[in-house]
Amino acid sequence: MGPIKKVLQQTKNETMKNCKLECNIALAKNAVINAHSQDISYSKHNRQRLMTYFNKSQSTPKRVVTRTPLSEKDCQSSEQFSEICDKLRNWDATDKFSATDIANQFNIKRTDATHKIKLLALDLKANIPDLKIISKPKSTLKRFTNSQVTMPAPPNCKKLKKQEKELIETNVISGGIPCCPLPVTYYKNGEKYEKTATGRKFSLLEVREKLLAKHVDLLRLYPDNEISELSKEDILNLLSKVAPGSISDFKDCNLEVMQRKLKLFQRNRALWVWSDHSVLQGYGLVLIVVGIVYDPLVFYTDSELAESHKTKMNVQELVEQGEIYIMTHCSSSSADQAGLTPERVACLDTLSDPITTESGIKIYNTVRFLRVTNSLPGLKQAFREVAIIVALHVTATRPIASLTLQRHTTVN
């Protein structure tokens, strides 16, 4: 290979290594967020990682690398090397041999120190039973075409958990706060164990702020100066288009009262709180989900957004997606589930506090609770169903217009 071709090859390899390093950093940084967004377990993440980025281990040849035994230059002094040789020559066959312990004892910091010590023991014909040197297989990680540089890959489960812990500690990902400690009994290998398990809770205020951030572009929020310029006809025309069921609350009022009611209705979102025990019944857990009730007087309609953004979207489906509020260990008994009451009451005390948008408009929330009979099928996705939302709001302070019951439900 000529000098110019050699330099070009070195440059190519160096560039590919730098690109791989940048890709690995990006993959490691986003690994936890990607895993959470896909809603997959650690084991499934590892299976996908192996299938996508690695070859089959059976088809990977063994590594052909010539390694030399431990020598004086690998040690801190010739006396230390002589001491290691004497230790290996006089080894008691009844003792357990560990090359790692010898490397730690003599403070040998090489990455291949254990392999070199084993090779030295073979050369010295030490009396060590079952001393074998096993050739390490090559990495099964796929390589770039016509290159020895391996492809970048997401971190494994161990590194993924480490990344998750770092992101939680730096508040990039919120892991909630511990709540509801509960003694748990479990069996492992026929032995009984007991430990205290704690659930996780996201404060209701945090959930409300998160939902507001998700829906801020979908909210029909008129500033105070725009509402004050609306006439009776403007307000009634708006109601006739998006909330005909609310016209009766406005038509007998004067203009000032109508403007005040419109401001109150538009800035009050109804929250639903749904408790599900059946989905996680096999694990002894209870899940409580919080979401927003879609109201066309509070949120834009599909046709309005399609006209302004030139794209079709299901606003009701986007709005009614729930957020995890509490998930904790709990049995199906009423006594155990009542143990969640103090945690939930503490959050309800903050419900009267408004949350503020970036434009300074204060948003209030009203809560409606739901309990559905166990005989109802399809409960696992109930908080995504329109029928549940309708059932939740049957006791609301005012009717929600333009909502149709898509499925019959039984509500207690």
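None of the values given here were measured: they were computed from a predicted structure. (Residues numbered from 1 in each chain as written. Predicted model: local features only at pLDDT ≥ 70, side-chain atom pairs only at ≥ 80, totals over all residues. Heavy atoms only, no water.)

As a further point, take the pairing of strand 1 (residues 177-188). Across 10 bridges, strand 1 lies against strand 2 (residues 191-201) in antiparallel orientation. Paired with lysine 188 across the two strands is glutamate 191, which belongs to strand 2. The turn joining strand 1 and strand 2, which pair antiparallel and follow one another in sequence, is formed by 2 residues; a positive phi near 55° is taken by asparagine 189. (Pairing = 2+ DSSP bridges. Helix = DSSP H or I, 4+ residues; strand = E, 2+ residues; numbered from the N terminus.)

Below, the discussion takes up the side chain of arginine 49. Position of arginine 49 among the secondary structure elements: in helix 2 (residues 42-53). You can call arginine 49 buried: its relative accessible area is 14%. Every residue in contact with arginine 49, bar those within four places of it in the chain, is listed here: Phe54, Pro154, Pro155 and Asn156. (Buried < 20%, exposed > 50% of the residue type's maximum accessible area, 1.4 Å probe, protein only. Contact = heavy atoms within 4.5 Å.)

Let's shift gears to unusual backbone geometry. Phi angles above zero are rare outside glycine, and asparagine 107 is one such case at about 55°. Structurally, asparagine 107 is set in the loop between helix 4 (99-105) and helix 5 (113-123). In this structure, lysine 125 is a non-glycine residue whose phi angle is positive, near 55°. As for its position among the elements, lysine 125 is in the loop between helix 5 and helix 6 (157-169).

Remember that side chains alternate between the two faces of the sheet whenever the strand is regular. The element strand 3 (residues 268-276) is extensively covered by neighbouring structure, given that 7 of its 9 residues are classed as buried. In the sheet, strand 3 pairs with strand 4 (residues 285-292) via 6 bridges, with the strands oriented antiparallel. By the bridge assignment, valine 273 is partnered in strand 4 with valine 290.

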